[in-house]
Amino acid sequence: MAPATDDPPLGLSAHVDLTTHKPRQPFLAMPFTSFLLLIITFFFVVVDIVGFDHKSSCYVAAAPGFSSPDDSFRHGPKAIAAACNVTLYPALCIRSLSSYRGALSANPPGLVAISALVALRDVNRTYHIALSLSKGKGGRQEIAAVTDCVELMDDARDQLKLAASRLHNLDLKRAQMQLRDVQTWVSAALTYETTCSDGFEGMKGTVAQQMLQNGEGLSKMLSIALALVAHLSDHLVSWQT
C-alpha cells in the first residue's frame, strides 16, 4: 500500500531468500560490493519489521476517554469505513488501516494514530530504498537527487514519530492544541516527500522511476493521515465523553 515516551519502532513486512545454489552468469555480473549492500539493506529492513510488528500494537488504543455517539461506529469495519470516507483515497485508507493489527478494536482517534503509524512505516521503507539506491549505479543527477531523498525521508520519519507519539498521548484538556501540532508534523512529512519527488522531475532513469513510483503511494498515505487528523480536530467535541 507503522508510534509514549519511547520512539515507535519502524518497519515493513518483507522476506529475504538467499539460496546457496550456484548463481547464473547474469548474477555473477553484479559487483560483490553491490551484492553486499543489498544484503545489508534487507537486513535493516527485516530488523525494523520485527520490532514494528512486536511492539506497535500498544499504540492503537490511543486517546482513552473518547467514545462514539453511535455505538455501531465505535470500532470495527464501520468505524474504519466512516473514518476513511473523509479522505481522498478511501479504498487505500480502508485497506491500509484494516490490515494493521488492532485496527478493528480501535476507536476513531485510535484509527488516526494508526494512520500515522502506517505512514511512518511507509516513510521508513522509502528511506531504506533511497539509501540503497544512493549507493548503487545511476546517472549523476539521479544519484544526487536520491541522496537528498535519504535526508528528506529521515526528517520525515522524525516528524511522524512526533505525530504518532502525540496521538498516542492525547490529553483531552489540550487535545485541540495537540492535534494542531500533529497536523503540522504530518504536513511537514508530506512536504518532505513532495520535495523528494520533485528532485526527479524530467528524469527517466531506473532510479528516478523507482523513487517516483514509491513516492506516489507514500504521498497518498500521508494525505490520508493528514485528512484523518484534520477531521478528528474538527469533530473533537463529539468524540469526548
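Quantities reported herein were computed from a predicted structural model and do not represent experimental measurements.

(A) Looking closely at the overall build of the chain. Counting secondary structure elements, the chain contains eight helices and zero strands. When the helices and strands of the chain are listed from N to C terminus, the series reads α-α-α-α-α-α-α-α. By residue count, 45% of the 241 residues in the chain fall in the buried class. Of the roughly 12600 Å² of accessible surface on the chain, 57% is carried by carbon and sulfur atoms.

(B) Quick peek at the nonpolar core. Core analysis: the largest hydrophobic core is formed by 56 residues, its most contacted members being L97, L111, I114, L160, F200 and M211. Where this core is concerned, the elements lending two or more residues are α3 (77-84), α4 (90-98), α5 (108-134), α6 (140-168), α7 (175-198) and α8 (206-234). With 13 residues, α5 is the largest single contributor of residues to this core.

(C) Local environment of the pattern of salt bridges. Following the criterion strictly, the structure yields five salt bridges and no others. E216 serves as the salt-bridge partner of K220, at 3.8 Å between the closest nitrogen and oxygen. In this pair, K220 and E216 are both assigned in helix α8, four residues apart and thus about one turn of the helix distant. Among the residues examined, K220 registers a relative accessible area of 27% and is labelled partly exposed.

(D) Spotlight on α3. Buried within α3 we find A79, I80, A83 and C84. Looking straight down α3, one finds its buried side chains confined to an arc of 125°; they lie on one side.

(E) Up close: the packing of α5 against α8. Running from amino to carboxyl end, α5 crosses α8 at an angle of 160°, the nearest separation of the two axes being 9 Å. Our classification of the angle between α5 and α8 gives roughly antiparallel. Judged by the sense of rotation from one axis to the other, the crossing of α5 with α8 is left-handed. For the contact of α5 with α8, the residue count by class is 19 nonpolar, four polar and two charged.

(F) Representation of the state of the cysteines. According to the stated counting rule, one finds two disulfides in the structure shown. Two residues, C84 and C93, share a disulfide whose sulfurs are 2.0 Å apart. Across the S-S bond linking C84 and C93, the dihedral sits near -70°, which makes this disulfide left-handed. Of the two residues, C84 and C93, both sit in the buried class. The side chain of C149 participates in a disulfide bridge whose partner is C196; the two sulfur atoms lie 2.0 Å from each other. Judged by the torsion about the S-S bond (105°), the C149/C196 disulfide is right-handed. Here C149 is found in helix α6, whereas its partner C196 is found in helix α7, with 47 residues between them in sequence. Within the chain, bonded cysteines paired by disulfides and numbered along the sequence follow the pattern 1-2, 3-4.

(G) A look at the packing of aromatic side chains. Counted by the stated rule, this structure contains zero aromatic pairs. We note R157 situated over the ring of Y127; from NZ or CZ to the ring centre the distance is 3.9 Å.

(H) Layout of the confidence of the model for the chain. Per-residue confidence for the chain gives a mean pLDDT of 76; residues scoring 70 or more make up 67%. Segment residues 1-30 is flagged for pLDDT under 50; beyond a separation of four residues in sequence, or across chains, it makes 61 contacts in the model. Residue range residues 40-73 is modelled with pLDDT below 50. Its contacts to residues more than four positions away, or to other chains, number 88 contacts.

Cut-off values and rules
- Residues numbered from 1 in each chain as written.
- Predicted model: local features only at pLDDT ≥ 70, side-chain atom pairs only at ≥ 80, totals over all residues.
- Heavy atoms only, no water.
- Helix = DSSP H or I, 4+ residues; strand = E, 2+ residues; numbered from the N terminus.
- Buried < 20%, exposed > 50% of the residue type's maximum accessible area, 1.4 Å probe, protein only.
- Areas by Shrake-Rupley, 256 points an atom, 1.4 Å probe, with all protein chains shown as cover.
- Core = buried A, V, L, I, M, F, W, Y, C linked by side-chain atoms within 4.5 Å.
- Salt bridge = Lys/Arg side-chain N within 4 Å of Asp/Glu carboxyl O.
- Arc of directions from axis to C-beta.
- Axes fitted to C-alpha atoms, helices over the stretch in contact; angles between N-to-C directions.
- Parallel < 35°, antiparallel > 145°, perpendicular 65-115°, else oblique.
- Left-handed = near helix turned anticlockwise from the far one by under 90°.
- Nonpolar A, V, L, I, M, F, W, Y, C, P; charged D, E, K, R; others polar.
- Disulfide = S-S within 2.5 Å.
- Phe/Tyr/Trp six-rings, centres within 6.5 Å; stacked < 30°, edge-to-face > 60°.
- Lys NZ or Arg CZ within 6 Å of the ring centre and 35° of its normal.
- pLDDT = per-residue confidence, 0-100.
- Contact = heavy atoms within 4.5 Å.

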